[in-house]
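Coordinate analysis (summary)
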Amino acid sequence: MHPAILAIESSCDETAASIIVDGKVLNNIVATQFVHKNYGGVVPELASREHQKNIVPVVDEALKKAAINISDLDAVAFTQGPGLLGSLLVGASFARSIAMVNSIPLISVHHMQAHILSHFIDKPHPVFPFLCLTISGGHTQIILVIDYLKMKVLGETRDDAVGEAFDKGAKILGLPYPGGPLIDKYSKKGDENFVDFPVTELAGLDFSFSGIKTSLLYYLRDQQKKNRNFINDHLNDICASYQKALVKMLLIKLEQASKETGIKELAIAGGVSVNSFLRNSLDEKSKEMNWNVHYPKFEYCTDNAAMVAMTAHYKYINNQFEKADVKVDPRLKFPENEINF
Ligand code: KG4
Ligand code: ZN
């Protein structure tokens, strides 16, 4: 079997397309939107308009680079959710029309499942079963992965996602969106022990990230009463301390999940998995815990269509297709399986 699949990702602020043939990703075309930079977050209406502008050139480039005609495709895949309604609709409508015109099957993909399966684009792959910490702008979850399409959510955030905590913290510090990469950058020159931000620890494997940004806000308010230039004077140190607290919260729950399941094969996925302090901290922790941690390549951490293509490949070989009138769902539930572990 040689399925050639076109995959489209448009859930948030990246318009992306990728071609996969026989399980091998041939390319990964991503158009990132910069219009949101000065708004402190993604503006949904602007995002949909950018997707509409970008989708034809992005898909065209993916097909051309793979030297594949639309008529050579065996299926077309798209991100069904979660994400922004208008943004999802652009990718889904485009995919639907290609499927209809070519009489080929349509495959819907869950965005977070795709982040996890990005680990199968390049070798070495994680060995099943493994635990995946999926950390993005909209999600923070610990997933037990038994097989390509067999997964269970062990824990997740009850409020903000960790990426959101990075971005909101950055906004409080006066940095542009997305602030996660900037906090990472400034922290490299800062003292992570400058402030001791309190970490929130819920019972079980769930996370909570809404309290820490309030701690940051109040801390800065107090300090700025004494020194109006406090942020400028200590930006690197504040970033490093804030980042340290966020990463600590992730590692506490990851360690707990590993101990509870006895699984030492781990992976991280999603935009925040680019974070260098997290990667260094995980390397350190791995020595102590005897973990084998898998890190995706940077281009597969943030939103991309290669991960959607990879997921679509496994869905294709498992005959998981969609009807032509399938709807997108901004709050699409994670496709969980009943797993007794
Ligand atoms: O997976 P992703 O590209 O989109 C979503 O599905 O949300 O993740 C985007 C998130 C943003 O919150 C961004 O600030 C964060 O990933 N991010 C980072 C870094 N690079 C991206 N957070 C911390 N450190 C980074 N280096
Ligand atoms: Zn994502």
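Moving on, we come to the domain arrangement of the chain. Reports of interface size often rely on the accessible area that becomes lost once the parts have come together. Taken as a whole, the chain is organised into domain 1 (4-117 + 300-317) and domain 2 (127-296). Each partner contributes to the interface: domain 1 provides 17 residues, whereas domain 2 provides 21 residues. Sorting the residues of domain 1 by area buried against domain 2 places Met112, Ile116 and Cys301 first, and these three jointly supply 38% of that buried surface. Linking domain 1 with domain 2 are 0 salt bridges.

Looking now at empty space enclosed by the protein. All chains considered together, the criterion is met by 1 cavity of 30 Å³ or more. Within this model, the largest cavity holds a volume of roughly 40 Å³. Taken together, Thr200, Glu201, Leu202, Asp206, Phe207, Ser208, Met249, Ile252 and Lys253 form the lining of the largest cavity. Of the residues assigned to the lining of the largest cavity, the class counts are 4 nonpolar, 2 polar and 3 charged.

Once that is clear, we can look at the sheet that holds strand E7 (residues 140-147). Taken in spatial order, the 5 strands of this open sheet run E8-E7-E6-E9-E10, and their pairing is mixed. Two strands in the sheet have a free side with no partner beyond their single neighbour: strand E8 (150-156) and strand E10 (292-294). Strand-to-strand twist of the sheet, defined as the mean angle between neighbouring strand axes without regard to direction, takes the value 25 degrees. Both strand E6 (residues 130-135) and strand E9 (residues 265-269) contribute to a ladder of 4 bridges, which runs parallel.

This next bit is on the pattern of salt bridges. Note on pairing: side chains with opposite charge can pair once their charged atoms come close. Taken as a whole and judged by the stated rule, the model has 16 salt bridges. Between Glu45 and Arg49 there is a salt bridge, with the nearest N and O atoms lying 3.5 Å from each other. You can see Glu45 and its partner Arg49 sitting in helix H1 (residues 44-65), 4 residues apart, about one turn around the helix. We classify Arg49 as partly exposed; its relative accessible area is 47%. Measuring nitrogen to oxygen at the nearest pair gives 3.5 Å for the salt bridge that ties Glu288 to Lys285. With a gap of 3 residues between them, Glu288 and Lys285 both fall in helix H8 (residues 276-289), about one helical turn apart. Among the charged side chains, a network of salt bridges with common partners joins Asp160, Glu164, Lys168 and Lys213.

Scoring rules and cut-offs
- Residues numbered from 1 in each chain as written.
- Chains lettered and ligands numbered in written order.
- Predicted model: local features only at pLDDT ≥ 70, side-chain atom pairs only at ≥ 80, totals over all residues.
- Heavy atoms only, no water.
- Domains from an automatic or database assignment.
- Contact = heavy atoms within 4.5 Å.
- Buried area = accessible area lost by both parts, 1.4 Å probe.
- Salt bridge = Lys/Arg side-chain N within 4 Å of Asp/Glu carboxyl O.
- 1 Å grid on protein atoms, 1.4 Å probe; cavity = no way out; pocket = protein on both sides within 12 Å on 5 of 7 lines; lining within 4 Å.
- Points joined across faces, edges and corners; volume = space filled by probe spheres on them.
- Nonpolar A, V, L, I, M, F, W, Y, C, P; charged D, E, K, R; others polar.
- Pairing = 2+ DSSP bridges.
- Helix = DSSP H or I, 4+ residues; strand = E, 2+ residues; numbered from the N terminus.
- Axes fitted to C-alpha atoms, helices over the stretch in contact; angles between N-to-C directions.
- Buried < 20%, exposed > 50% of the residue type's maximum accessible area, 1.4 Å probe, protein only.

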